[in-house]
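Take a look at the letters that make up each chain.
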There are 2 protein chains.
Amino acid sequence: MSRTGTRSGKPTLTDVAARAGVSATTASYILNGRTLEMRISSDTEERVQLAAQELGYRPNRTAQSLRTASTRIIGVVTDYVAGGMFSARILAGANAAARQQDHVLMIGETDGDTRTTTELVHEFVDRQVDGLLFVARTTSSIRLPQGLAGTRVVTVNCIDTSSPYPSVLPDDRGGGRRAAEALIGAGLTDGIVVVGEDTTTEALAGVRVDGLVERLAEDGVRVAARLECPWNLDDAYGALAGWLDRGGRPRAVVCLNDRVAWGVYHALADVPLAVPGEVSVISFDGSELGRWMRPTLASVALPFFEMGQEAVRILLDPAEKESVVMDMPLLPGDSMAAPFAAPLSGVEREG
Amino acid sequence: MSRTGTRSGKPTLTDVAARAGVSATTASYILNGRTLEMRISSDTEERVQLAAQELGYRPNRTAQSLRTASTRIIGVVTDYVAGGMFSARILAGANAAARQQDHVLMIGETDGDTRTTTELVHEFVDRQVDGLLFVARTTSSIRLPQGLAGTRVVTVNCIDTSSPYPSVLPDDRGGGRRAAEALIGAGLTDGIVVVGEDTTTEALAGVRVDGLVERLAEDGVRVAARLECPWNLDDAYGALAGWLDRGGRPRAVVCLNDRVAWGVYHALADVPLAVPGEVSVISFDGSELGRWMRPTLASVALPFFEMGQEAVRILLDPAEKESVVMDMPLLPGDSMAAPFAAPLSGVEREG
DNA sequence: TTGAAAGCGGTACCAT
DNA sequence: ATGGTACCGCTTTCAA
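Residues numbered from 1 in each chain as written. Chains lettered and ligands numbered in written order. Predicted model: local features only at pLDDT ≥ 70, side-chain atom pairs only at ≥ 80, totals over all residues. Heavy atoms only, no water.

If you check an unreviewed UniProt entry, chain A appears there as LacI family DNA-binding transcriptional regulator from Nocardioides islandensis.

And the structure:
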């Protein structure tokens with residue numbers, strides 16, 4: 001009465017072979033579509049395919065992995081999965097690219113802890129991942145742990161300057177230039193105030209303002225005021241409100257990120273100064289927050305989804321060795337005077 | 001000259017055994033801490049540990065998995081990884097619980113597509129995951145695909161009523177009651193208007209308003225107006241603005257989610273009506289958006305992190321069969337009149 | 001106290 | 001055109 005002799009539920013390759021009356025070898029070649037290298041009669045092929053079908057055969061990936069030393073798993077070590085939608089967007093991009101190449105993502109969160117990071121790396125390496133992605137929520141400099149020899153690595157939104165691994169970073173200088181071009185294009189060539197400090201001084205970010213100033217200068221435009229403050233609502237509010245109190249009057253405010261812009265909106269509303277009627281606002285991030293603001297915020301976007309995609313592409317291509325910086329596109333919003341005021345969807349206007 | 005004879009880089013259990021001058025069997029028992037079941041001389045034990053240390057031995061998880069038929073991997077099938085921070089928070093909670101029990105998360109995104117879902121499930125089952133989590137961004141009803149026999153499953157923030165698997169859902173009725181208690185506690189017993197439709201009509205959500213009304217009634221309090229609208233900024237703005245135009249004057253607004261609350265803030269500001277001076281606002285979600293609003297938003301929070309944690313706990317406990325609903329705690333905010341107005345941090349007040 | 005040997009489910013070399 | 005067999009690295013039964 002015994003069927004094909006397997007005790008557990010799932011049919012194995014041997015079961016399929018038995019049912020088709022061939023050897024496991026033959027079945028293996030056929031089911032892997034390698035029917036050309038081996039010469040297989042189309043009759044045999046059909047019998048095997050049919051048997052597999054009938055049994056509902058699915059290959060055991062674990063066994064395949066053990067034998068081939070390739071798991072088709074990409075390990076993702078991220079500082080904060082939950083930290084805002086940023087890491088999540090990178091994850092989504094990485095996942096999309098991974099699925100496209102028949103890979104799957106395994107994730108781990110470090111909370112920024114070095115020890116946890118090391119443990120996770122071990123965990124992933126023990127599991128024979130085909131490659132490792134290091135993902136940071138905020139563009140930053142990191143230090144990769146030991147034990148990575150023989151593992152492909154790509155760092156996303158972060159970089160270990162003492163490692164030879166490729167990285168994927170946003171092009172912050174280019175982003176700064178793009179913001180400048182938006183201002184120039186809208187005829188906003190004076191009364192430009194920049195809010196927020198340009199943090200990381202390395203070849204990472206920190207070049208946002210450089211790019212902005214540089215591109216403005218090419219058209220003979222100068223920044224009227226530079227208000228340094230941490231990247232959050234309350235500090236940005238305080239910085240701009242103080243400046244306005246002292247009689248400052250801007251025509252355009254450039255915010256170093258969207259949270260800063262949120263604070264800037266509040267400060268402008270206190271005066272009040274209408275956006276974009278009296279003052280245009282442009283920012284960096286392209287976050288969801290900007291979509292919630294009214295008027296919606298024009299923002300030079302961090303291309304996180306694309307960065308995740310690109311990182312996997314590089315990781316999986318043995319030929320790729322080079323780091324890349326990704327273009328930061330302008331996400332249009334109603335906070336800029338024409339020609340950037342075209343609304344994408346119907347929203348209420350002020351008075 | 002040949003060392004222990006392994007060609008590839010990583011030392012194997014056999015290598016360790018050879019170096020310690022014992023059999024693989026012995027080495028295996030020692031390295032797995034099963035030194036009690038087997039009687040091993042402490043001398044042998046030391047030699048093996050030392051050898052492992054010196055070689056930098058790490059067990060090959062793939063081989064272990066093949067042999068033991070347990071991967072210590074949990075597959076997470078989610079509709080939208082990137083969709084707001086909600087799925088991400090569930091993921092973070094699941095990950096925390098998983099790591100604690102020496103498991104790791106493998107993720108996949110379906111974009112809400114049935115076909116993709118089925119493919120992912122196959123992918124994960126082929127990879128011998130120890131269990132599967134189905135995660136939805138929005139509390140909802142789903143239909144699980146075939147091929148799950150023999151796999152442990154828990155649905156998180158969603159439920160397949162035709163399946164026997166446990167689910168983890170927020171206690172929306174309890175959440176509604178909690179909002180009611182907050183209102184009553186603040187003495188807000190008239191002029192209560194509820195904004196937003198109570199979508200899902202099943203035993204899922206839809207009971208938020210039920211809970212609210214029910215608890216209010218227990219204190220003889222009634223809702224003054226019910227404004228149905230989709231859960232987004234513009235519709236909520238429109239709904240409340242229209243009602244205010246018609247002369248409506250609320251003392252408290254209950255918003256079905258935080259995006260609705262944001263629209264409500266805008267509508268109130270137009271009149272203007274001060275929050276919380278003239279009108280108190282309470283909402284549901286406990287999202288980041290609420291933390292950004294000024295005044296910060298009091299909101300009955302969806303405990304996503306905890307739901308993720310709990311789901312993994314249930315998944316990994318063979319004894320657990322029951323679904324659970326998770327308490328929705330009140331996240332305090334400055335949008336409620338005393339005694340809920342105590343600010344958590346110094347923020348600006350309106351004139 | 002310890003080791004030999006048989007797999008777990010595939011893949012791939014080498015015969016036939 | 002197809003099948004035998006060794007092996008990937010580890011666990012576990014059984015014998016010594």
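So, next bit.
## Concerning the interface of chain A and chain B
Selection rule: Only heavy atoms enter the contact rule, under which two residues are in contact if any of them lie within 4.5 Å. What gets called buried area is simply the loss in accessible area from a 1.4 Å probe that two parts show on being joined, summed for both. Salt bridges are counted wherever a side-chain nitrogen of Lys or Arg sits within 4 Å of a carboxyl oxygen of Asp or Glu.
The partner chain B presents 52 residues to the 51 residues of chain A that form the contact. Both sides of the chain A and chain B interface together cover about 4700 Å² of buried area, and 59% of this is carbon and sulfur. When the buried surface of chain A facing chain B is broken down by residue, A:Asp126, A:Arg127 and A:Trp292 rank first, second and third, together holding 14% of it. For the interface between chain A and chain B, the tally reads eight salt bridges. The partner of A:Glu123 in a salt bridge is B:Arg61, with the nearest N and O atoms 3.4 Å apart.

## Thoughts on empty space enclosed by the protein
Applicable threshold: In this analysis a 1.4 Å probe is tested at points of a 1 Å grid over the protein atoms alone, and where it fits but cannot get out there is a cavity; an open set with protein on both sides within 12 Å along at least five of seven lines is a pocket; lining residues have an atom within 4 Å of a point. Grid points are joined across faces, edges and corners, and a volume is the space filled by probe spheres set on the points. Where helices and strands are cited, they refer to DSSP runs of H or I of at least four residues and of E of at least two residues respectively, numbered from the N terminus. Asp, Glu, Lys and Arg are counted as charged, while Ala, Val, Leu, Ile, Met, Phe, Trp, Tyr, Cys and Pro are counted as nonpolar; the rest, among them Gly, fall into the polar class.
In this structure the tally under the stated criterion is one cavity of 30 Å³ or more. Counted as a void, the largest cavity has a volume near 150 Å³. Lining the largest cavity are 14 residues, with A:Thr62, A:Thr71, A:Ile73, B:Thr62 and B:Ile73 sitting closest to its centre. Of all the elements in the fold, those that place two or more residues in the lining of the largest cavity are α4 (61-68) of chain A together with α4 (61-68) of chain B. Its residues assigned to classes, the lining of the largest cavity shows four nonpolar, six polar and four charged.

## Thoughts on the protein's contact with DNA strand C
Convention followed: We call a residue near a molecule or strand when any one of its heavy atoms sits within 4 Å of it. Any pair of N or O atoms that falls within 3.5 Å is considered a polar contact. Within protein, one atom must be able to donate a hydrogen and the other to accept it, and sequence-neighbouring residues count only if both atoms are side-chain atoms.
Residues in contact with DNA strand C amount to 28 residues; listed here are only the nearest, A:Leu13, A:Ser28, A:Arg34, B:Arg39 and B:Thr44. Backbone atoms, meaning sugar and phosphate, form 54% of the atoms of DNA strand C found within 4 Å of the protein. In the environment of DNA strand C, a phosphate oxygen lies 2.9 Å from a nitrogen or oxygen atom belonging to the side chain of A:Gln64. Looking at the surface near DNA strand C, the elements with two or more residues in it are α2 (24-31) and α4 of chain A together with α2 (24-31) and α4 of chain B. Among the elements that make up the surface near DNA strand C, the one with the highest residue count is α4(A) (four residues).

## Structural notes on the UniProt feature "domain: HTH lacI-type" (unreviewed entry) in chain A
Our working definition: UniProt positions are given in the numbering used here, feature names are shortened, and annotations may be inferred rather than shown by experiment.
Cross-referencing UniProt, the feature "domain: HTH lacI-type" (unreviewed entry) maps to residues 11-68 of chain A in the present numbering. Its end C-alpha atoms 21 Å apart, residues 11-68 of chain A is made of 66% helix and 0% strand.

## Topic: the relation of the copies chain A and chain B
Cut-off, in case you're wondering: To line up the copies, we fit them by least squares on C-alpha atoms, keeping just the residues with pLDDT of at least 70 in both.
For the pair chain A and chain B, the superposition axis carries a translation of 0.0 Å, the fit reaches an RMSD of 0.1 Å, and the rotation angle comes to 180 degrees. This pairing of chains is accounted for by a two-fold axis. Measuring from the rotation axis to each C-alpha of chain A, the shortest distance belongs to A:Met106, at 2.1 Å. Same-surface contact between copies: 100% of interface residues of chain A are shared with the interface of chain B.

## Observations concerning the protein's contact with DNA strand D
Taken together, the neighbourhood of DNA strand D is formed by 27 residues, with A:Thr25, A:Arg39, B:Leu13, B:Arg34 and B:Arg67 sitting nearest. Sugar and phosphate atoms represent 58% of those atoms of DNA strand D found within 4 Å of the protein. A distance of 2.9 Å separates a phosphate oxygen of DNA strand D from a polar atom in the backbone of A:Ser23. Between B:Tyr57 and DNA strand D, the recorded distance is 2.7 Å, taken from a side-chain N or O atom to a phosphate oxygen. Of all elements in the fold, only α2 and α4 of chain A together with α2 and α4 of chain B reach the threshold of two or more residues within the surface near DNA strand D. Looking at the surface near DNA strand D, the element that brings in the most residues is α4(B), giving four residues. The residue makeup of the surface near DNA strand D, split by class, is nine nonpolar, 13 polar and five charged.

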